[in-house]
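# Breakdown of the fold
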Amino acid sequence: MTPLGSVFRRIAIRAPSQFFVCNQCLRPQSRILKTLQQARRYSDKPAAATISNIAEQAATKAATSNAQAFKGFPKTTSKAVAYWLLGSAASVFGIVVWGGLTRLTESGLSITEWKPVTGSLPPRSQEDWESEFEKYRASPEFKILNPNMDLEEFKKIYFMEWSHRVWGRFIGVSFVLPTIYFIARRRVTPKMALNLVGISALIGFQGFIGWWMVKSGLKDDLFAPGSHPRVSQYRLTAHLGTAFVCYSWMLLSAISILRARRMALDPKAALSIVAALRNPAINAFRRSAFAVAALVFVTAMSGALVAGLDAGLIYNEFPNMGKGLFPPASELWDKFYSRKEDKSDLYWRNAFENPSHVQMDHRILAVSTFCAILALFAYSRTGKVAAALPKNAKKGAMGLVHLVSLQVALGISTLIYMVPIPLAAAHQAGSLAVLTGALVLAHRLHVPKSTVRALEQKVKQLNK
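In this convention, every chain numbers its residues from 1, walking through the sequence in written order. Given that the model is predicted, a residue must reach a pLDDT of at least 70 before its local features are reported, and side-chain atom pairs must reach 80 or more before they are shown or counted; all residues, however, enter totals for whole chains, interfaces and linings. Side-chain figures throughout are based on the complete set of non-hydrogen atoms in the structure, without hydrogens or water.

- The name that an unreviewed UniProt entry assigns to the protein chain is Putative Cytochrome c oxidase assembly protein COX15, with the source organism given as [Torrubiella] hemipterigena.
- The Pathway (unreviewed entry) field of the UniProt record for the protein chain holds the comment "Porphyrin-containing compound metabolism; heme A biosynthesis; heme A from heme O: step 1/1."
- UniProt positions are given in the numbering used here, feature names are shortened, and annotations may be inferred rather than shown by experiment. Under the Cofactor (unreviewed entry) heading, UniProt states for the protein chain: "heme b".

Here you go:
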């Protein structure tokens, strides 16, 4: 056979396997060849080491695929996001205080319509003012409470409510737009992106609840004939509670970002702090701190019921309520508040609709919260807890005592002086301040598992 014929023969033998096989069939073969090559490289090493190396490579590939699934989201959130969240939380704190002033000055029902867009502008002409005043004249509040009010007096309460609504819209815009920007520019982690979207939705829901609350005060079927016009105490509590949740969510998100970034600077020291927080000696203290934060929130919501029923205007002494520590049983369980013939709703309606009962409940909760915080502080200074508790947690417990002491003084003063506007507004601000202290203390005692995992990965990378 000629040399040229032998060449064609070799090509004919190899052609079916190299030129007429699809790429999908060749890919598994290439993977097998790569695996065999890796096995040959590690053939002189122990089998366990080879398996561990292959496992590490698989884990790395899985982490890479997960990172690609999040499309470039960072592992840590930008510090600018934390500062923006703190500013937003401060704005929510301010609008809560301003909302209290709006209620105390009887301004909340001055605007009888809800116009989320066009309502951002106040009346600009005399005709517009007359039109708004005419709408207010048709409300129960004007007919019962302010029948002699003139246009100039109406303008004062109108601007109080208008500024409150515009402030709320500003919070919404100044939060939603940056949220879109930070997520689009990948300045936040996936988890923080979900938090920001959730807060944005809550802000929008809060605006709806605000109008839902005001709407209840524009009808005369909520209160008895001739009584003081007011909004539903249930809706007022829902409105205030949503604001408290929104503020707390912003605050906790911000300080979580700052702590995670601070821990990332020295992951070994951070893991030692995490190990100290896992000490069994402080488990009970941690649970107690979370319980105190929940108790503070419940006490604040009972205060909203007091405000909604104007219950602070009765029994203006402390600690007694009349001739004893509590009003008579016949007053606490008044049948007037029951709406069913069998009186099955007697107890819960008195607890939420009887001003005397509501004030008594708030007093009991307030004293319980004060005693619980004092007990928590004493617990932080005793035995094994004092030795195991971090310094920042001890400082948080001390700060919480200062805040609740000031709040109790404000509450008693507000009651004794029959709810003057400055003291009442300060008391409402104090409730949010006490909640802030309780949340900060609870936050210092807990590190999320995601943060711990990130720290452990960084330590592994440093040790390699």
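## A closer look at a nonpolar patch on the surface
- On the surface, a nonpolar cluster with roughly 410 Å² of combined accessible area is contributed by Trp114, Phe205, Phe208 and Trp212.
- Structurally, the position occupied by Trp212 is in helix H8 (residues 190-216).
- Trp212 sits in the partly exposed class, given a relative accessible area of 36%. Residues enter patches when their relative accessible area tops 30% and they take part in no salt bridge; the joining distance is 9 Å for like charges and 5 Å for the nonpolar side chains Val, Leu, Ile, Met, Phe, Trp and Tyr. Note that accessible areas follow from Shrake-Rupley with a 1.4 Å probe, and for residues the cover is restricted to the protein chains shown. The rule for a salt bridge is simple: a side-chain nitrogen of Lys or Arg has to be within 4 Å of a carboxyl oxygen of Asp or Glu. Here a strand is any run of E in DSSP of at least two residues, a helix any run of H or I of at least four, and the numbering for each starts at the N terminus. Remark: exposure states derive from per-residue accessible area (1.4 Å probe, protein chains only) relative to the maximum for the residue type, with buried under 20%, exposed over 50%, and partly exposed in between.

## Here's the deal with the pattern of salt bridges
- According to the stated counting rule, one finds nine salt bridges in the structure shown.
- Residues Glu134 and Arg137 are paired through a salt bridge, measuring 3.2 Å at the closest nitrogen-oxygen approach. Placement of both Glu134 and Arg137 in helix H5 (residues 126-137) is noted, with a separation of three residues, approximately one turn of the helix.
- Take Glu134: its relative accessible area is 48%, and that puts it in the partly exposed class.
- The residue Arg339 makes a salt bridge to Glu353 at a minimum N-O spacing of 3.7 Å. Of this pair, Arg339 sits in the loop between helix H12 (329-332) and helix H13 (346-353) while Glu353 sits in helix H13, and the two are 14 residues apart along the sequence.
- Residue classification places Arg339 among the exposed residues on the basis of a relative accessible area of 63%.
- The network of salt bridges with shared partners includes Glu113, Lys115, Glu132 and Lys135.

## What about the confidence of the model for the protein chain?
- Confidence scores here are pLDDT values: one per residue, from the predictor, ranging 0 to 100. Per-residue confidence for the protein chain gives a mean pLDDT of 86, with 83% of residues at or over 70.
- We call two residues in contact whenever any of their non-hydrogen atoms come within 4.5 Å of each other. Across residues 42-52, confidence stays below pLDDT 50; counting only partners more than four residues off in sequence or on other chains, it has four contacts.
- Overall, residues 65-69 carries pLDDT values under 50, and its contacts beyond four positions in sequence, including any with other chains, amount to one contact.

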